[in-house]
Amino acid sequence: MDIFQHYIDGCFEEASQTFDSIDPATAQPWARMPRAGAQDVDRAVRAADRALRDPAWAGLNATQRGRLLFRLADLIERDVALLAQLETRDTGKIIRETSFQLRYVAEYYRYYGGLADKIEGRCVPVDKPDMEAFIHNEPIGVVAAIVPWNSQLFLSAVKLAPALAAGCTIVLKASEEAPAPLLAFARLVHEAGFPPGVLSILTGFGDDCGRCLTSHPLVSRIAFTGGPATARHVVRNSAENLASLSLELGGKSPMLVFGDADLDSTVNAIMAGIFAASGQSCVAGSRLLVHKDIAGELLSRLAGRAGLIRIGAPDDLTTEMGPLATKRQLEHVDALVKRSVEQGAALVTGGKPATQAGAGYYYEPTILLCENAQTACLEEEFFGPVLSVLLFEDEADAIQKANDSKFGLAAGVFTQNLARAHRVVKALRSGVVWVNTYRVISPMMPFGGYGLSGLGREGGREAIGDYLRTKSVWIRTSDEPISDPFVMR
Ligand code: NDP
């Protein structure tokens, strides 16, 4: 078995406790992971707090911080093959996807590296005589970053890159499911030359490691990605340190297909929206809302294409869909499909584990046609390869059904009518809207949701502001003595 180590305060260490990581393609343990406890978390946070004031980090100017981020980006690019192979092994995500995504992860570090020395303060023409007033931006402090098991390198990049550019220090907790790629990434952080304590990377269970980290008194900001139930724990934990928060949570994202949509293109977008990463994506387009007049044709095309998806070993370059990441995930998806069918949803295709692909956690690409919006598959997040379909009558009905969700992360709109596209974009209660495309992302664009999909935004220039706090400075410029405060003039 491969053995992984923590990275705390610039050192790679064995942990006193370990746990096994399971290869989802074979359902067998393949690596031994360190399990951080409260003491490890405390050491990492204290090291981060020290590093905030250590001249090795605090003494760097912003351009030098940016250069470290560029160097890290280059190292990620150099090691894409290794990191992709580890992510594929630990999550079951297919190698084509992990290789492609990881090359792009480097761009996040470059983008924020470039922004590091564009962080500026400002002078304020304050309404008082003989005063110079200005605002400094300072790093907010120690950041606790927590990511779930899917796309850990990507989901951590949107936190680490702006936080490091701002001059913060970070303790990153990888998910206990599939932490291998982040623990390997720690080697690149070390090689890039970040001073000890600036970025520690550890993994452990949510209840001890995650709780200690998010409630630690020296933490000033929490950047969390995960499910809404865990987010509630994190919010409660943050009552201890009153840290500011960003929460990137789940979704039940609608794809609205109008009668005039280009169906060839739309079918490809829908397939990518729901079946890429075996549906284990926060922006999975898991609710298909389709105009009743084209539903028959669209569904038959989707079912035909879904039936052709090559399910198999994630490290095989010809595989199009790999396993789900965990047994728990497989059981959750299967149970939710069964519950939805009991509630009246009709199975168009799929609907059971794909046992022909081996002993791993494979599930068939599944499409469910629902009669009403109160079906479980339209309300709850699968985080799996299941598309739930509901028909609509007209534009108003489509918007009402799209917004009828406790989530509001992403949405897709497919139409050739530009005026309608603008109307629908405006009406959708969703943090990201794609028109005639899906799943496009960039470090330059903010990302985040409404409602139970989260709080705050990651990505874009604005994200750096989350890792800064202001200091307001007043300087009296008069040489006159300060007058007696008890004599009113
Ligand atoms: P979880 O919410 O279960 O876990 C997320 C992270 O929180 C993990 O690292 C977990 O650790 C940790 N954690 C668990 N309990 C606590 C606690 N009490 N205090 C602090 N941290 C804790 O999510 P999943 O791993 O199941 O991931 C799937 C979810 O993530 C889905 O809802 C998905 O939509 C969402 N997601 C959102 C994205 C977005 O950008 N909006 C992107 C990707 C996923 P451990 O694993 O060790 O339990």
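What you see is a predicted model, and the numbers here were worked out from it, not measured in a lab.

*Asks:* Can you tell me about the overall build of the chain, naming the residues and giving the values?
*Replies:* Tallying secondary structure elements over the chain gives 15 helices and 23 strands in all. The globule rule puts the C-alpha radius of gyration for 489 residues at 23 Å, and the 24 Å found for the chain is close to it. Principal-axis analysis of the C-alpha atoms places the extent of the chain at approximately 85 × 60 × 35 Å. Relative to its 489 residues, the chain shows a buried fraction of 56%. Restricting to contacts in the chain with at least 6 residues of sequence separation, those with at least 24 account for 72%. Approximately 20,700 Å² of the chain is accessible, and the part contributed by carbon and sulfur atoms is 53%. Across the chain, the mean location of the 49 positive side-chain charges is 1 Å away from that of the 57 negative side-chain charges.

*Asks:* I'd love a proper account of helix α9 (residues 228-241), names of residues and values included.
*Replies:* An ideal rise of 1.5 Å per residue puts 20 Å on 14 residues; α9 measures up with 20 Å between its terminal C-alpha atoms. For α9, the set of buried residues is P228, A231, V234, N237, S238 and N241. Each buried residue of α9 sits inside an arc of 160° when the element is viewed along its axis, so together they form one side. Away from its buried face, by an angle of more than 90 degrees, α9 presents the exposed residues A229, R236, A239 and E240. Elements that come into contact with the buried residues of α9 comprise α8 (206-215), β11 (219-225), β12 (244-248) and β18 (407-408). A positive phi of about 55° marks L242, the residue just after α9.

*Asks:* I'd like to hear about the sheet that holds strand β23 (residues 468-476), residue by residue, with values.
*Replies:* Pairing in this open sheet of three strands is antiparallel, and the strands run β6-β7-β23 from one edge to the other. For this open sheet the edge positions go to β6 (122-124) and β23, each flanked by a neighbour on one side alone. Pairwise comparison of adjacent strand axes, ignoring direction, gives a mean angle of 30° for this sheet. One ladder, built from nine bridges, connects strand β7 (residues 131-139) with β23; its direction is antiparallel. In the sheet register, F134 faces β23, and the bridge partner there is V473.

Rules behind the numbers
- Residues numbered from 1 in each chain as written.
- Predicted model: local features only at pLDDT ≥ 70, side-chain atom pairs only at ≥ 80, totals over all residues.
- Heavy atoms only, no water.
- Helix = DSSP H or I, 4+ residues; strand = E, 2+ residues; numbered from the N terminus.
- Rg over C-alpha atoms; globule rule 2.2 N^0.38 Å.
- Buried < 20%, exposed > 50% of the residue type's maximum accessible area, 1.4 Å probe, protein only.
- Contact = heavy atoms within 4.5 Å.
- Areas by Shrake-Rupley, 256 points an atom, 1.4 Å probe, with all protein chains shown as cover.
- Lys, Arg positive; Asp, Glu negative; His and termini not counted.
- Charge placed at Lys NZ, Arg CZ, Asp CG, Glu CD.
- Expected span 1.5 Å × (residues − 1).
- Arc of directions from axis to C-beta.
- Pairing = 2+ DSSP bridges.
- Axes fitted to C-alpha atoms, helices over the stretch in contact; angles between N-to-C directions.

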